[in-house]
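What the coordinates show
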Amino acid sequence: SGSGALQYSIDNGGSWQSSNVFIGLAGGNYTVKVRNADGSCAITGNSVNLVPPTAPSISTVQSTDPTDCSTNDGTITVTSTGSSLEYSIDGGINWQLTGSFTGLSSGTYNVVVRNTDGTCVTYYNANPVILNAPTSPTIINVTSTEPTDCGVSDGSITITASGNGSLEYSID
């Protein structure tokens, strides 16, 4: 109550306003005061402590590449500090409650962690995480020579191929 219009302060009387609503506030401790518009009868109310959410911190990101061509057995494991967190490896489109991602194919993944209430999104500083699967070899050419006579085993098959590292060949 009070007489006439009231003025409000949340900085212990440092500045006053006619509205009782304060917006755009950062976390911190605010001392509430109210007075008559003429500056008389200022009273101190409760202190209000606004506590901002704490941002998660990504400790480590470990990954394993898929073991073979067209195999989806790659993994990404995210370890972070904080409580009630959600994890994403697609840049924040889809979220899950654990930092363990399995069944991954080769590709590019953007690791993100946030609080479950959607606040304080934290991006992994080494984004993106790239999983690489072995690449398939390419057969360039196959030539053959027929056996020269009945009962003679002198035919041949020659395979020309390219790929990463050493290649193995089979005709059976």
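Notes on the structure in this doc start here. (Residues numbered from 1 in each chain as written. Predicted model: local features only at pLDDT ≥ 70, side-chain atom pairs only at ≥ 80, totals over all residues. Heavy atoms only, no water.)

So, on to the sheet that holds strand β9 (residues 112-115). The strand order β6-β9-β10 describes an open sheet built from three strands, whose pairing is antiparallel. Lying at the two open borders of the sheet, with one neighbouring strand each, are β6 (85-88) and β10 (122-123). Inspection of the sheet shows β9 paired to β10 by two bridges, in the antiparallel sense. Along β10, the bridge assignment pairs V113 with T122. (Pairing = 2+ DSSP bridges. Helix = DSSP H or I, 4+ residues; strand = E, 2+ residues; numbered from the N terminus.)

A separate point is unusual backbone geometry. Along the chain, N127 connects to P128 via a cis peptide bond; the corresponding omega equals -5 degrees. Residue N12 is not a glycine yet carries a positive backbone phi of 65 degrees. In this fold, N12 is placed in the loop between β1 (6-9) and β2 (28-36). Unusually for a residue other than glycine, S70 sits at a positive phi of about 60 degrees. Relative to the helices and strands, S70 is located in the loop between β4 (57-64) and β5 (74-81). You can call S70 exposed: its relative accessible area is 79%. (Buried < 20%, exposed > 50% of the residue type's maximum accessible area, 1.4 Å probe, protein only.)

Considering the arrangement of structural elements, one finds N115 in strand β9. Of note is the side chain of N115, whose polar atom sits 3.1 Å from the backbone oxygen of T54. (Polar contact = N/O pair within 3.5 Å; in protein donor to acceptor, adjacent residues only side chain to side chain.)

On to the environment of A37, then. Along the chain, the position of A37 falls in the loop between β2 and β3 (43-50). Separated by 19 residues in sequence, A37 and S18 have C-alpha atoms that sit 7.9 Å apart. For A37, the residues in contact, after removing those within four places along its chain, are A5, L6 and Q7. (Contact = heavy atoms within 4.5 Å.)

On to the side chain of S88, then. Among the secondary structure elements, S88 is positioned in strand β6. Among the polar contacts listed, one links the side chain of S88 to the backbone nitrogen of G92, at a separation of 2.9 Å. A polar contact of 3.0 Å, which involves the side chain of S88, links it to the backbone oxygen of N94. When near neighbours in sequence (up to four residues on either side) are disregarded, S88 contacts I93, N94, W95, F101, N110, V111 and V112.

On to the sheet that holds β4, then. With antiparallel pairing, three strands are arranged side by side in an open sheet as β4-β5-β7. The open sheet has two edge strands, β4 and β7 (100-104), and neither has a second partner. In this sheet, neighbouring strand axes are inclined to one another by 10 degrees on average, regardless of whether the strands run parallel or antiparallel. Both β4 and β5 contribute to a ladder of seven bridges, which runs antiparallel. Across the sheet, residue T64 finds its bridge partner in β5, namely T75. (Axes fitted to C-alpha atoms, helices over the stretch in contact; angles between N-to-C directions.)

Okay, the pattern of salt bridges next. Tallied over the full model, the rule gives one salt bridge. Residue R114 pairs with E86 through a salt bridge whose shortest N-O separation is 2.7 Å. Linking R114 in strand β9 with E86 in strand β6, this pair joins segments that are 28 residues apart in sequence. Look at E86 and you get buried, because its relative accessible area is 14%. (Salt bridge = Lys/Arg side-chain N within 4 Å of Asp/Glu carboxyl O.)

Take it as geometry only, folks, not as evidence of what the structure does.
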